[in-house]
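Coordinate analysis (summary)
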Amino acid sequence: MQSFGRVIELWRYPVSSMSGERLEQARLSPGGFEHDRLWGIVEAQSGEIAAPENRKPWRPLPNLHSRIGPDGIEVSDGDSAWLPVDSAEAAEMASRFLGFPAAFRPHLPYGSEAEGRIAPRYQRADIHLLTTASLRELGDLLGRPEEVQPRRFRPNIVVETDPEFTGLVEQRLIGRKLAIGDAIVTFSEPCARCTFTALAQGELAFMPAVLHKISQHGEGGFGALCTVDGEATLRVGDTIGFADR
């Protein structure tokens, strides 16, 4: 089996559009990582779902944090204690941080509706995979490699690619299959990008040039969306190889 690289980062995002948590291991199955993107956040009065890429009032949202705690999803602004996502205290914290009334809501499957729950804004792929080859290429194109970090792009899996893979490699691998433990991951399509990639997050600056370079050189895509067959517990350091040749 031809080698592709190894896993160097694993991420899940319990609350959509918020900062996620970096993991040492994660359970992968069809549908994605366990506990990934289970909740979202809305404007409390209108019910409008968060859209940091489209509306300026939502831009700070990626700087709120979410994780899976001992009793379920917890959220924090980085200064306060971790709060249960369904608590009044969590809604108050998010409202203070954003500057308008906000509320957390559990997600339903895409396209469905129910009182007190929200559907994701788009049909989500099983996982998002990003390679160090693409990160290096974009950093070189931008001339600011320190601004091209995984956090800006919200992948589930970051792969350190073997040396022979260079450039925006995911774009050339659509349709190929990877073996990761007992799971088979198929590159299904490039990950289309929006202005979310330009937003300031933590130490990363607001930088529209990131999206401009992706549009110029990646045909709007950066990284890959993937489908998953089988189940596996992934760990940082796991090796990855092609499963189709």
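Below is a short write-up of the structure. Predicted model only: the values in this text are computed from it and were never measured.

Turning our eyes to something else, we now look at empty space enclosed by the protein. Under the counting rule described, the total for this entry stands at one cavity of 30 Å³ or more. Each pocket or cavity is described by its volume, and for the largest cavity that value is around 50 Å³. In this structure, the largest cavity is lined by Trp11, Tyr13, Ser19, Gly20, Pro150, Arg151, Arg154, Pro155 and Gln201. When its residues are assigned to classes, the lining of the largest cavity shows four nonpolar, three polar and two charged.

For the rest of this paragraph, the subject is the sheet that holds strand S3 (residues 25–29). The three strands lie next to each other as S4-S3-S15, forming an open sheet whose pairing is antiparallel. Looking at which strands have only one partner, the edges of the open sheet turn out to be strand S4 (32–33) and strand S15 (232–235). Note that S3 and S4 share two bridges and pair antiparallel. Among the inter-strand pairings, Leu28 is bridged to a residue of S4, identified as Phe33.

The subject of this paragraph is the environment of Pro57. By secondary structure assignment, the location of Pro57 is in the loop between strand S5 (39–43) and strand S6 (65–69). Given a relative accessible area of 38%, Pro57 falls into the partly exposed group. On a C-alpha basis, the gap between Pro57 and Tyr13 in space is 21 Å, while along the polypeptide they are 44 residues apart. Ignoring sequence-local partners within four residues, the contact set of Pro57 consists of Leu98 and Phe100.

Parameters at a glance
Residues numbered from 1 in each chain as written. Predicted model: local features only at pLDDT ≥ 70, side-chain atom pairs only at ≥ 80, totals over all residues. Heavy atoms only, no water. 1 Å grid on protein atoms, 1.4 Å probe; cavity = no way out; pocket = protein on both sides within 12 Å on 5 of 7 lines; lining within 4 Å. Points joined across faces, edges and corners; volume = space filled by probe spheres on them. Nonpolar A, V, L, I, M, F, W, Y, C, P; charged D, E, K, R; others polar. Pairing = 2+ DSSP bridges. Helix = DSSP H or I, 4+ residues; strand = E, 2+ residues; numbered from the N terminus. Buried < 20%, exposed > 50% of the residue type's maximum accessible area, 1.4 Å probe, protein only. Contact = heavy atoms within 4.5 Å.

Nothing here speaks to function; it is all geometry.
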